[in-house]
Amino acid sequence: MASKQVIGVFDSGYGGLTILQEIRALLPEYDYVYLGDNARTPYGSRSFEVVYNFTRQAVDKLFSLNCRLVVLACNTASAKALRSIQQCDLPHYGTEKRVLGIIRPTAEAICSQTQTRHIGLLGTEGTVSSGSYSMEIRKLAPDICVTGQACPMWVPLVENGEAASEGADYFVRKYIDDLLRKDADIDLVVLACTHYPLLYDKIRRYLPQHINIVQQGPIVAESLRDYLQRHDDMRSALSQNGTCTYLTTEQSEKFARSASVFLQSPIDATHTDI
Ligand code: DGL
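Notes on the structure in this doc start here. (Residues numbered from 1 in each chain as written. Predicted model: local features only at pLDDT ≥ 70, side-chain atom pairs only at ≥ 80, totals over all residues. Heavy atoms only, no water.)

A short note on the sheet that holds strand β5 (residues 118-123)
Formally: Strands were regarded as paired on the criterion that DSSP finds at least two bridges between them. By definition, any uninterrupted DSSP run of H or I lasting at least four residues is a helix, any uninterrupted run of E lasting at least two residues is a strand, and each is numbered from the N terminus. Angles shown run from 0 to 180 degrees and are taken between the N-to-C directions of axes, each axis being a line fitted to C-alpha atoms and, for helices, limited to the stretch in contact.
The four strands lie next to each other as β6-β5-β7-β8, forming an open sheet whose pairing is parallel. Taken across any chain shown, the strands that pair with only one partner, and hence form the sheet edges, are β6 (145-150) and β8 (212-214). Mean inter-strand twist for the sheet, computed between neighbouring axes without regard to direction, equals 25°. In terms of strand pairing, strand β7 (residues 188-191) meets β8 through three bridges, oriented parallel. When the bridges of β8 are listed, V190 appears paired with V214.

Shown next, in the form of structure tokens:
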């Protein structure tokens, strides 16, 4: 009998840990491999071709490490690479492999949460300019108006451990003001980048109180649970020892130090080339 397989979670850096944490809280029994491409982060301002190539290499790595299912826990990768990977690359890996993104489940979860039908989207340049959220939301609720705001300084602040610093306040306020200047009727803001929950306290401080904030972690975790419930073949092929392995394309000590802060518990990490 073939050995059981694991779930891969990919992000350009640390951000996907905010998703992994929620997935493991909801589905602690499974085994996970987290891969952060910290050496090449940020992805947010890179071209379609580059994000696609980097993401494809990461997916390839995770499949070679016995993953059966890979979650792209990165909006930029989901926006720019998911479709091409599903259509062009997945068929070569065998019929049982799957790659899931995080934009569609987020869109499905949020459409009922706005009264004004005006949603604000905070994300990387890549995610905002791809129009992926507007497209998915339009399919589900054509009356909703989506206004995007790229926040190119936020990921570098998080990746460099400056999320809680005073310097971060300037850029948090700036992008929120820019968003609300474009559309004053927004009553729901989506943190459409997995790094942004690390800036949550500041974002909450500068957003008017009547505007609700959506974080993706619980949504993605719930949608993965639903997926596994609906796919017996996938569920029964996955091992259940409750472990998680952390891989980074950067220095392992640096990753372990920062990730332990994000996850609020110590972890070990291993360097990998992809
Ligand atoms: N965390 C990723 C996202 O959700 C992108 C970060 C980056 O720019 O690399 O979009």
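Considering the packing of aromatic side chains
Just so we agree on the cut-off: Side-chain rings of Phe, Tyr and Trp, where Trp is taken by its six-membered ring, are said to pair if the distance between their centres is within 6.5 Å; with planes under 30 degrees apart they count as stacked, over 60 as edge-to-face, and otherwise as tilted. The classification of residues rests on relative accessible area computed with a 1.4 Å probe and restricted to protein chains. Under 20% of the type maximum is buried, over 50% is exposed, and intermediate values are partly exposed. Both a distance and an angle decide whether a charge sits over a ring: NZ of Lys or CZ of Arg must be within 6 Å of the ring centre and within 35 degrees of the ring normal.
Overall, the coordinates contain 10 aromatic pairs when judged by the stated rule. Aromatic side chains Y170 and F171 sit 4.9 Å apart centroid to centroid with 85° between the ring planes, which places their arrangement in the edge-to-face category. A residue is classified by how much of its surface remains accessible, and F171, at 22% relative accessible area, is partly exposed. For the pair F171 and Y175, a centre-to-centre distance of 6.2 Å together with 35° between the ring planes defines the contact as tilted. Note that F171 and Y175 are positioned in helix α9 (residues 166-182) at a spacing of four residues, about one turn of the helix. Since its relative accessible area comes to 6%, Y175 is described here as buried. Taken together through their ring pairs, the aromatic side chains of W154, Y170, F171, Y175 and Y196 make up a single cluster. Over the aromatic face of F54 sits the side chain of R40, whose NZ or CZ is 3.7 Å from the ring centroid. Of note, R56 hangs over the ring of Y52, and the distance from its end group to the ring centre comes to 5.3 Å.

What to know about the pairing of β7
Neither face of β7 is exposed, since L188 and V190 on one face and V189 and L191 on the opposite face are all buried. Pairing analysis gives four bridges linking β5 to β7, with the strands arranged parallel. When the sheet's bridge partners are listed, L121 is paired in β7 with V190.

Quick notes on the environment of S112
Relative to the helices and strands, S112 resides in the loop between α5 (103-110) and β5. When its relative accessible area of 64% is taken as the criterion, S112 is described as exposed. Along the primary structure S112 and A77 are separated by 35 residues, whereas in three dimensions their C-alpha atoms are 26 Å apart.

Focus on the nonpolar core
Threshold: By nonpolar core we mean a set of buried residues, namely Ala, Val, Leu, Ile, Met, Phe, Trp, Tyr and Cys, connected to one another through side-chain atoms within 4.5 Å. The contact criterion used is simple: two residues touch if any of their non-hydrogen atoms lie within 4.5 Å.
Judged by nonpolar contacts, the single largest core of 54 residues is most densely connected at L17, W154, I203, L228 and Y246. Here this core takes six residues from α9, the largest share from any one element. When residues no more than four places from it in sequence are discounted, the contact partners of I203 are W154, V172, I176, L191, Y196 and I213.

Comments concerning the pattern of salt bridges
What counts, and what does not: Basic side-chain nitrogens of Lys or Arg form a salt bridge, by our definition, when they fall within 4 Å of a carboxyl oxygen of Asp or Glu.
Under the counting rule described, the total for this entry stands at 12 salt bridges. For R40, the salt bridge identified is with D37, shortest N-O distance 2.8 Å. Residues R225 and E222 are paired through a salt bridge, measuring 3.1 Å at the closest nitrogen-oxygen approach. Of this pair, R225 and E222 both sit in helix α11 (residues 217-230), separated by three residues, roughly a single helical turn. Take R225: its relative accessible area is 30%, and that puts it in the partly exposed class. When salt bridges with common partners are traced through the structure, they connect R104, E108, E136 and K139 into a single cluster.

Re the site of the ligand
Selection criterion: Nearness is judged by heavy atoms alone; a residue qualifies as near a molecule or strand once a single heavy atom is within 4 Å of it. Nitrogen and oxygen atoms within 3.5 Å of one another constitute a polar contact, given that in protein one can donate a hydrogen and the other can accept it, and given that sequence-neighbouring residues count only through two side-chain atoms. In this description, accessible areas are obtained by the Shrake-Rupley approach with a 1.4 Å probe, and a residue is regarded as covered only by the protein chains that are shown. Definitions used throughout: a 1 Å grid over protein atoms alone; a cavity as a set of points that fits a 1.4 Å probe which cannot get out; a pocket as an open set with protein on both sides within 12 Å along at least five of seven lines; a lining residue as one with an atom within 4 Å of a point. To be counted as sitting in a cavity or pocket, a molecule needs more than half of its atoms within 2 Å of that site's grid points. All amino acids are sorted into three groups, where Ala, Val, Leu, Ile, Met, Phe, Trp, Tyr, Cys and Pro are nonpolar, Asp, Glu, Lys and Arg are charged, and the leftover types, Gly among them, are polar.
Lining the immediate environment of the ligand, one finds 14 residues, of which S12, Y43, T76, T194 and H195 sit closest. Here an oxygen atom of the ligand and a backbone polar atom of N75 are 2.8 Å apart. Isolated, the ligand exposes 300 Å² of accessible area, and the fraction of that covered by the protein chains is 99%. When each cavity is represented as a set of grid points, the ligand is found to reside in the largest cavity. In the shell around the ligand, the residues fall into five nonpolar, eight polar and one charged.

Some points on the side chain of T114
Relative to the helices and strands, T114 is located in the loop between α5 and β5. Among the polar contacts listed, one links the side chain of T114 to the backbone nitrogen of H118, at a separation of 3.4 Å. If we skip the residues at most four places from it in the chain, T114 touches I119, I144, D187 and L188.

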